Protein chains: 2
Amino acid sequence: MTTMTPSMAAAEQGAALRVEFDALLGVCSKLNEARPVEELLDELLRQARMLTRAEAGTVYVAEGGKLRFVCAQNDARHDLDITPRVDERRFLTGGLGGKTIAIDDTSLAGHAAWHRQPLRIRDAYDLPPTDTLKFDPSFDRLTGYRTQSMIVAPLVDRSAQVVGVLQLINRLNDEGIPAEFSARDLQIVQGLASMAALSVRNAQMRDELYRSHLDTILRLSTAAEFRDTETSQHIQRVSLYCETIARYMGAPRDWTRMMMFASPMHDVGKLGVPDSILQKPGKLTDEERLIMQRHTLIGAHILKGAENELLQFAEKIALSHHERWDGAGYPHRLAGAESPLEGRVTAVADVFDALTSKRCYKPAFSVDWAIEEIAKNRGTQFDPDVVDAFLKARPEIEVVFDAYRPAPPADESQTPINPITY
Amino acid sequence: MTTMTPSMAAAEQGAALRVEFDALLGVCSKLNEARPVEELLDELLRQARMLTRAEAGTVYVAEGGKLRFVCAQNDARHDLDITPRVDERRFLTGGLGGKTIAIDDTSLAGHAAWHRQPLRIRDAYDLPPTDTLKFDPSFDRLTGYRTQSMIVAPLVDRSAQVVGVLQLINRLNDEGIPAEFSARDLQIVQGLASMAALSVRNAQMRDELYRSHLDTILRLSTAAEFRDTETSQHIQRVSLYCETIARYMGAPRDWTRMMMFASPMHDVGKLGVPDSILQKPGKLTDEERLIMQRHTLIGAHILKGAENELLQFAEKIALSHHERWDGAGYPHRLAGAESPLEGRVTAVADVFDALTSKRCYKPAFSVDWAIEEIAKNRGTQFDPDVVDAFLKARPEIEVVFDAYRPAPPADESQTPINPITY
């Protein structure tokens, strides 16, 4: 080593500080990148290790009351690294089936999460035996790696919920030998833990929001089923026919998925039609038919004004699935593309299923006959493009038909509670 | 000024870098504090100004397609400061009624938000006239402050939505004279903008989630109304009676609010009861009564398995609001505190409203008579503590009764679509 003048030493320290600042700034800037949160956590762990000179580190995320490994880095033993999986949805819903540890005093990460308190430890193997802190040496025994100094910081969200743990292991001194983490290191890690918590919570909330919108749909479906003369199989089949047709039309994946989840709501407005009309075995009078037709308006009313796209989709479908391409449908006699594509797709799916199902006023027609009927009404009742996609999709349509064939009627008095599930 | 040696200069620079690092770390650490997001944005703006030596700055949040002022800081003119309001919910729902600016090319902040592109400007009054960038000098004219150099950074979330704008004005040089912002300054501001975007989005999502849970409840209520013989006024009154009783029982504010929003769902299971029983004018047979009583089980089924507390509340209420304190109720004949408090409170509210309302099988009884009836059944049908709170709350109960008195029956054929609103 050359002798350094004070100004050289200061300059070097300045440069190091600059690198540290940039590392922190880099993490900040990455917070909003449209990447899986696990990748962000991996990056965050890398920067935390750089800033604190930690040889190894781990991030856990809290799921179902346990801590799950999300990433692990170890400069001495890259064979122990766990890199983030790319599928963000699987991260959120769990599914690794991998290692978890309990949130309690049986491990240091568990302790930090349970007490929502960061730990700074000189040597994990040198904890006072009387202490509530217990280091779990099983991982070291498995791998032969020697954990010594540690920082264990819980990731705590704004409502004081633990969403994970950030753990740094073995600060290396200039000679590359494990030394103690400083109070300053802990401070840095806590800043990064704060960002990590926000990112994890953000990803979780996005998922919760999606599930919540779906939840509304499912509950309304459940409610609707108690009234409708049609079965949950009808709802499932129409949903899957819609998905299939949309796919064959070359619709974007999001739109196709929306069709699948929103179309089950197409008849929710039947909730508002009296039993005497809904369950009438014979032909409806003109007046009764008008009341029946109001189910489109009622459905749209139940679904209207939603902030989220899924329910907006469902509203469009409920309102327009009885419009006809030639403008002779109801409720608004919209012709062609005046009626939304969502409704035009559902119209084909719904009529096909009605034709192939037994109803109190008609037998079940054959698939061949029903498909011919749909084809015959191409350009009059139905959007020609939708019919073309439907005809192209025929093999898949038949697979759905077979898989969701109506079950023999259940004993209604025994099973009034019959949920649909996706 | 004294002459500095190189090492003194380097040390000073090192100290400055240390301050900068700590400022950034401080902002990171604050991200998860349980404080209104506006306060965090105010703090963030302060640190952004410190790090870039900006004399003034503004944060806007995007709301309803416009940018709304959230905070403003100006070291030269503290009379122009806008400090964050403390009520976080008002922040999220708007309500300042204050200044907004359009998201378009008519201002620099609007431009940055519209194009999702940060700007670094030497002098706002010296922009090429041919440029799409337009500085809006009206604020300067109003205040006499002279805007010169600027950084305008959009706050962009993970799905590339603009959630706001962070704007810094007039970088001061060592002599305190406005100078240009550096590329480095812009980089720093972008890091902070990223954090700001995440925080804002986080707060918005928390609010969206809450609204989404409420949305499920409201839509189910709307659906239920199409069937029930009872009116939306009944639902509103029961909701408000529950809120009042809970408050008089000294329940926590959250619990009280939950009661208010979840109790409207108590009869949602009537969706599953046939019209012939639901609307029968005469007395029900034993068998019909058993079917009618299933509305508790059906309601719980429609609401079951929710992740969110509001629907969990509603499920409990739907299931248990016909249990009795003496165990003679239905569906599970739960006695005393075996039945949840949510149901015990709703039971009193529901019966009181039934007594004071006209039904097809009974007239409306007077408030006095109904209250006496409730008091008489203290400890048999009803939880004594709930009845005591109800009796104490009598003046407020009467206010609700008067305010939500049943309206004269509407012409049903004209208005099949009759939403409830809160």
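Throughout what follows, the structure given in this document is the object of discussion. Nothing here was measured: the structure is a model prediction, and the numbers come from that model.

**Let's talk about the overall build of chain A**
Here is step 1 of the chain: Each helix and strand in chain A was counted, giving 16 helices and 7 strands.
Here is step 2 of the chain: The C-alpha atoms of chain A give a radius of gyration of 30 Å, which is well past the 22 Å a tight globule of 422 residues would have.
Here is step 3 of the chain: Along the three orthogonal principal directions, the C-alpha set of chain A runs to about 100 × 50 × 35 Å.
Here is step 4 of the chain: Looking at chain A as a whole, 45% of its 422 residues are labelled buried.
Here is step 5 of the chain: Taking all contacts inside chain A whose residues are at least 6 apart in sequence as the whole, residues at least 24 apart take part in 66%.

**Digging into the nonpolar core**
Here is step 1 of the chain: A:Leu166, A:Leu192, B:Leu166 and B:Leu192 are the most contacted members of the largest nonpolar core, which totals 108 residues.
Here is step 2 of the chain: Residues contacting B:Leu192, with those up to four places away along its chain left out, are A:Cys28, B:Val27, B:Leu44, B:Gln47, B:Ala48 and B:Leu166.
Here is step 3 of the chain: Among the nonpolar cores identified, the runner-up in size contains 100 residues, and A:Phe390, B:Ile245, B:Ala300 and B:Ala318 belong to it.

**Overview of the interface of chain A and chain B**
Here is step 1 of the chain: With 64 residues of chain A at the contact, the number on the chain B side is 63 residues.
Here is step 2 of the chain: If you list the elements that add at least two residues to the side of chain A that touches chain B, you get helix H1 (6-30), helix H6 (183-225), helix H9 (275-278) and helix H11 (295-303) of chain A.
Here is step 3 of the chain: Counting residues per element, the side of chain A that touches chain B draws most heavily on H6(A), at 24 residues.
Here is step 4 of the chain: When the residues that make up the side of chain A that touches chain B are grouped by side-chain class, the tally is 31 nonpolar, 18 polar and 15 charged.

**Remarks on the pairing of strand S5 (residues 150-156) of chain A**
Residue and element names in this part refer to chain A.
Here is step 1 of the chain: The buried fraction of S5 amounts to 7 of the 7 residues, a majority that puts the element mostly inside the structure.
Here is step 2 of the chain: Burial along S5 is two-sided: the face carrying Met150, Val152, Pro154 and Val156 and the face carrying Ile151, Ala153 and Leu155 are both buried.
Here is step 3 of the chain: Of the strand pairs in this sheet, strand S4 (residues 119-121) and S5 are connected by 3 bridges, and their pairing is antiparallel. Counted as the bridge partner of Ile121 is Met150 from S5.
Here is step 4 of the chain: Turn length for the S5-strand S6 (residues 162-172) hairpin, with the two strands adjacent in sequence and antiparallel, is 5 residues, and the turn residue Ala160 shows positive phi of about 65°.

**As for the packing of helix H13 (residues 341-356) of chain B against helix H14 (residues 367-376) of chain B**
Residues and elements named next belong to chain B.
Here is step 1 of the chain: Where H13 meets H14, the axes come as close as 9 Å, and the angle between the chain directions of the two elements is 145°. Between H13 and H14 lies a crossing whose hand is right-handed. Here H13 contributes Val348, Val351, Phe352, Leu355 and Thr356 to the contact with H14, which in turn contributes Val367, Ala370, Glu373 and Ile374.
Here is step 2 of the chain: Across the contact of H13 with H14, the residue classes break down as 7 nonpolar, 1 polar and 1 charged.

**Focus on the pairing of strand S1 (residues 54-63) of chain B**
Residues and elements named next belong to chain B.
Here is step 1 of the chain: Across the 10 residues that make up S1, a large majority, 9, are buried.
Here is step 2 of the chain: Pairing geometry for S1 and strand S2 (residues 66-74), over 8 bridges, is antiparallel. Its bridge partner lying in S2, Glu63 is registered against Lys66.
Here is step 3 of the chain: Counting the residues in the hairpin turn of S1 and S2 gives 2 residues, including Gly64, whose phi is positive at 55°.

Criteria and cut-off values
Residues numbered from 1 in each chain as written. Chains lettered and ligands numbered in written order. Predicted model: local features only at pLDDT ≥ 70, side-chain atom pairs only at ≥ 80, totals over all residues. Helix = DSSP H or I, 4+ residues; strand = E, 2+ residues; numbered from the N terminus. Rg over C-alpha atoms; globule rule 2.2 N^0.38 Å. Buried ≥ 20, exposed ≤ 12 C-beta atoms within 10 Å, placed from the backbone. Contact = placed C-beta atoms within 7 Å. Core = buried A, V, L, I, M, F, W, Y, C linked by C-beta atoms within 7 Å. Nonpolar A, V, L, I, M, F, W, Y, C, P; charged D, E, K, R; others polar. Pairing = 2+ DSSP bridges. Axes fitted to C-alpha atoms, helices over the stretch in contact; angles between N-to-C directions. Left-handed = near helix turned anticlockwise from the far one by under 90°.

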